[in-house]
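# Observations on chain architecture
Below, each chain spelled out in residue letters.
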Amino acid sequence: MSQKKHLLVVDDDAMNRELLEAILFGLGYTCEMASGGEEALAMLDTRFDLVLLDINMPDMDGYAVAQSIRERESVADIPIVMVTALSTKEDRLTAVEAGANDFVTKPIDRTELRVRIASLLRMKEGQDAIKQHREVLQTTVEERTRELRETLEKVTQAERFAQEAKL
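The structure displayed is predicted, hence computed values, not measured ones. (Residues numbered from 1 in each chain as written. Predicted model: local features only at pLDDT ≥ 70, side-chain atom pairs only at ≥ 80, totals over all residues. Heavy atoms only, no water.)

### Digging into a negative patch on the surface
Keep this limit in mind: Only residues above 30% relative accessible area that lack a salt bridge enter a patch, with like-charged residues linked at up to 9 Å and the nonpolar side chains Val, Leu, Ile, Met, Phe, Trp and Tyr linked at up to 5 Å. Every accessible area reported is derived by Shrake-Rupley at a probe size of 1.4 Å, with residue values counting cover from the shown protein chains alone. What counts as a salt bridge is simple: a side-chain nitrogen of Lys or Arg found within 4 Å of a carboxyl oxygen of Asp or Glu. For the purpose of charge, His is not counted, nor are the chain termini; Lys and Arg are scored as positive and Asp and Glu as negative. Charge coordinates come from a single atom per side chain, which is NZ of Lys, CZ of Arg, CG of Asp or CD of Glu. Note on conventions: DSSP H or I runs of at least 4 residues are helices, E runs of at least 2 residues are strands, and numbering of each starts at the N terminus. Only protein chains enter the accessibility calculation, which uses a 1.4 Å probe; a residue is then buried when its area is under 20% of its type maximum, exposed when over 50%, and partly exposed in between.
Together, Asp12, Asp13, Glu18, Glu21, Glu38, Glu39 and Asp59 give the surface a local cluster of negative charge. Counting only elements with at least two residues in the negative patch, the list comes to helix H1 (14–26) and helix H2 (37–43). For glutamate 18, the location among the structural elements is in helix H1. Looking at glutamate 18, the relative accessible area reads 53%, which means it is exposed.

Put into structure tokens, the structure is as follows:
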């Protein structure tokens, strides 16, 4: 059985956090809560599979939080879903430009949220598998390059010995 996905919910409204926590728990996810952007960024040392992020928060808006996440190499690939009452095309565009992968409007439609999260988590798993495969390939290339250098060095030494023996 696969491990439950761990999500970070960032919203300054306690009722919204509780609602999202209940929905996510019902969908089989574990989650942690942050009441603002600064708190969320401080928590990002922990490995999260996805971030649900409100836009309107007093300390740091969701756009700035998303940009900060994207600037941190260790967590830059975590999917971000903006969950907000804002719904204009400009809001969506700004969210995507800030680094969000998707956008869900309040009031939350549970089915829409479930589908969007599942889709982003599948994409993340695929990206992680590609990244892991790339790392394995890189290690293999480095090992083979080292082996070739060692072989070339041995061949070069053998050729030197053969030339010296002829003299």
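### Observations concerning the pairing of strand E1 (residues 6–10)
Remember that side chains alternate between the two faces of the sheet whenever the strand is regular. Inclusion rule: The pairing criterion is simple: DSSP has to find at least two bridges between the two strands.
Taking burial as the measure, the 5 residues of E1 include 5 buried ones, the bulk of the element. Of the two faces of E1, the one carrying His6, Leu8 and Val10 and the one carrying Leu7 and Val9 are both buried. Sheet topology places E1 next to strand E2 (residues 30–34); 5 bridges connect them, and they run parallel. Within E2, the position partnered with leucine 7 by the bridge is cysteine 31. Where E1 lies against strand E3 (residues 50–53), 4 bridges are found, and the strand directions are parallel. Residue pairing for E3: leucine 7 is matched across the bridge by leucine 50.

### Considering the sheet that holds E2
What counts here: Lines fitted to C-alpha atoms define the axes, with helix axes restricted to the stretch in contact, and inter-axis angles between N-to-C directions lie between 0 and 180 degrees. In this description, contact between two residues means that some pair of their heavy atoms is separated by no more than 4.5 Å.
Pairing within the open sheet is parallel, and its 5 strands lie in the order E2-E1-E3-E4-E5. For this open sheet the edge positions go to E2 and strand E5 (102–105), each flanked by a neighbour on one side alone. Pairwise comparison of adjacent strand axes, ignoring direction, gives a mean angle of 20 degrees for this sheet. Pairing of strand E4 (residues 80–84) with E5, which is carried by 4 bridges, proceeds in the parallel orientation. Across the sheet, residue methionine 82 finds its bridge partner in E5, namely phenylalanine 103. Of the strands in this sheet, E3 and E4 are in contact with helix H3 (residues 62–71), which crosses E4 at around 175 degrees.

Shape descriptors only; they carry no functional weight alone.
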